[in-house]
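Listed here are the chains, written in short residue letters.
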Amino acid sequence: MSLENHSVNKLSLCWGSLDGVAYPEFLSAASEAGFESVTLNSALYRQATASGLSDTDIRASLRDQGLQVSGIDPLFNWLPGSVVLDGSDPISVCTQVSMEEVFHLAHVAETDLVNAPLGLATASSEQEIVDGFGILCEKAKSESLRVSLEFMPFNQVPDLETALRIVEQAGYSNGGIMVDCWHLHRGGGMADDLLEIPGNRIFAMQIDDALSEPLPDIIEETMNQRLPPGDGCIDLAQVVRNLRSIGAAVYVDVEVFNDSLRALPAVQRARRLYDATAAVLDQA
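Note that this is a predicted model, so its numbers are computed, not measured.

**Quick notes on the overall build of the protein**
Okay, so step 1: Broken down by element type, the protein carries twelve helices and eight strands.
Okay, so step 2: Taken against the 2.2 N^0.38 rule, which gives 19 Å for 284 residues, the C-alpha radius of gyration of the protein at 17 Å falls within 12% of a compact globule.
Okay, so step 3: If you line up the protein on its principal axes, its C-alpha atoms span 45 × 40 × 40 Å.
Okay, so step 4: Expressed as a percentage of the 284 residues in the protein, the buried residues total 55%.
Okay, so step 5: At a minimum sequence separation of 6, the contacts of the protein that also span at least 24 residues come to 81%.
Okay, so step 6: Accessible surface computed for the protein: about 11300 Å², of which carbon and sulfur atoms make up 48%.
Okay, so step 7: The distance from the centre of the 17 positive side-chain charges to the centre of the 41 negative ones in the protein is 4 Å.

Here you go:
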């Protein structure tokens, strides 16, 4: 699915915003709330196939709900020493799957984008990350796929500047950057930092908001206390304006890990996030 001429305005619901919701309910909630697309992960794929759905059935279920897939997120195991978690939650399952399984899901979902955070891997040097990302891009290129590198303030790719340096040194046109607004903010970045990035290097964005005062535990905050767009302190409208001004061709993927929202029914959660994000886009 090409986004070469795409504007920053098409809303996609990240699986993380409805984590814990079964595959059919996730799709129906996203569609009913008004989203045009979703992200998928390997945990949802395994769940769907375990329930008896074939790859053809999965494509049909997306079409039936009027949904496209903006990307597969995440692909963790692309560096030597990647950590595998022993658990059945979505994040743990995603550490257990192979690169080939993630690429296969991208083809099933008819998307050309895979998001690749560093995950829990610890590299010996930045050059090892550059080399690993280059190998990943080469393998993805053979599958006609693009790969976005997601920076996170608590690992060895902590900010936008580092992500750009790694992507450019790797030297593949199918390698780009995922900009998560929460990670940008908590990593000390600002909306105007995006103006220094070539638009064609930004492949994806995730929109979410942040508490005005960070919690002591950054992992607890990122996994459980992100806020719906417009509820926090990030200038999200300016982020969107700047992405548009540099010509970034991305979906607006709504990714809000939030304990309070988890208490709501899936459709109510999805509608809350759709309305909040639409208001930010209107402001932008």
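After that view of the structure, there is still more to cover.
**Section: the side chain of N258**
Okay, so step 1: Tracing the backbone through its elements, the reader meets N258 in the loop between β8 (252-254) and α11 (259-262).
Okay, so step 2: When its relative accessible area of 7% is taken as the criterion, N258 is described as buried.
Okay, so step 3: Residues contacting N258, with those up to four places away along its chain left out, are N224, Q225, R226 and L227.

**Points about helix α7 (residues 160-170)**
Okay, so step 1: Burial in α7 covers these residues: L160, T162, A163, L164, I166, V167 and A170.
Okay, so step 2: As for α7, its buried residues are in contact with α6 (126-142), β5 (146-150), β6 (175-180) and α8 (181-186).
Okay, so step 3: Note on α7: the residue one or two positions beyond its end, G171, has a positive phi of about 80°.

**What to know about the nonpolar core**
Okay, so step 1: Counting residues in hydrophobic clusters, the biggest one holds 88 residues, and the most contacted among them are F26, V38, W78, F133 and M205.
Okay, so step 2: With seven residues, helix α5 (residues 99-109) is the largest single contributor of residues to this core.
Okay, so step 3: If near-sequence neighbours (up to four positions away) are discounted, F26 is found in contact with L13, C14, W15, L18, V21, V38, T39, L40 and L44.

**A few points about helix α3 (residues 55-64)**
Okay, so step 1: Listing the buried residues of α3 in full gives I58, S61 and L62. Along the axis of α3, the buried positions cluster into a sector of 100°, meaning they face one direction only. Along α3, exposed side chains directed more than 90 degrees from the buried face belong to T56, R63 and D64.
Okay, so step 2: Packed against the buried residues of α3 are α1 (23-33), β2 (37-40), α2 (42-50), β3 (68-72) and α5.

**Quick notes on the environment of V157**
Okay, so step 1: Residue position: V157 is located in the loop between β5 and α7.
Okay, so step 2: Accessibility expressed as a relative area gives 0% for V157, which makes it buried.
Okay, so step 3: Taking the C-alpha atoms as reference points, V157 and L113, separated by 44 residues in sequence, lie 20 Å from one another.
Okay, so step 4: Other than its neighbours up to four places away in sequence, V157 contacts L118, I129, L149, F151, M152, T162, A163 and I166.

**What about the pattern of salt bridges?**
Okay, so step 1: For the structure on display, the rule yields twelve salt bridges.
Okay, so step 2: One salt bridge in this structure joins E101 and R46, with 3.0 Å as the shortest N-O distance. Taken together, the residues E101 in helix α5 and R46 in helix α2 connect sequence positions 55 residues apart.
Okay, so step 3: Here R272 and D231 are joined by a salt bridge, their closest N and O atoms 2.4 Å apart. With R272 in helix α12 (residues 266-283) and D231 in the loop between α9 (218-224) and α10 (236-245), this residue pair connects regions lying 41 residues apart in the sequence.
Okay, so step 4: A relative accessible area of 32% places R272 in the partly exposed class.
Okay, so step 5: A network of salt bridges, in which partner residues are shared, links D19, D259, R262 and R269.

Reading guide: rules and limits
- Residues numbered from 1 in each chain as written.
- Predicted model: local features only at pLDDT ≥ 70, side-chain atom pairs only at ≥ 80, totals over all residues.
- Heavy atoms only, no water.
- Helix = DSSP H or I, 4+ residues; strand = E, 2+ residues; numbered from the N terminus.
- Rg over C-alpha atoms; globule rule 2.2 N^0.38 Å.
- Buried < 20%, exposed > 50% of the residue type's maximum accessible area, 1.4 Å probe, protein only.
- Contact = heavy atoms within 4.5 Å.
- Areas by Shrake-Rupley, 256 points an atom, 1.4 Å probe, with all protein chains shown as cover.
- Lys, Arg positive; Asp, Glu negative; His and termini not counted.
- Charge placed at Lys NZ, Arg CZ, Asp CG, Glu CD.
- Core = buried A, V, L, I, M, F, W, Y, C linked by side-chain atoms within 4.5 Å.
- Arc of directions from axis to C-beta.
- Salt bridge = Lys/Arg side-chain N within 4 Å of Asp/Glu carboxyl O.

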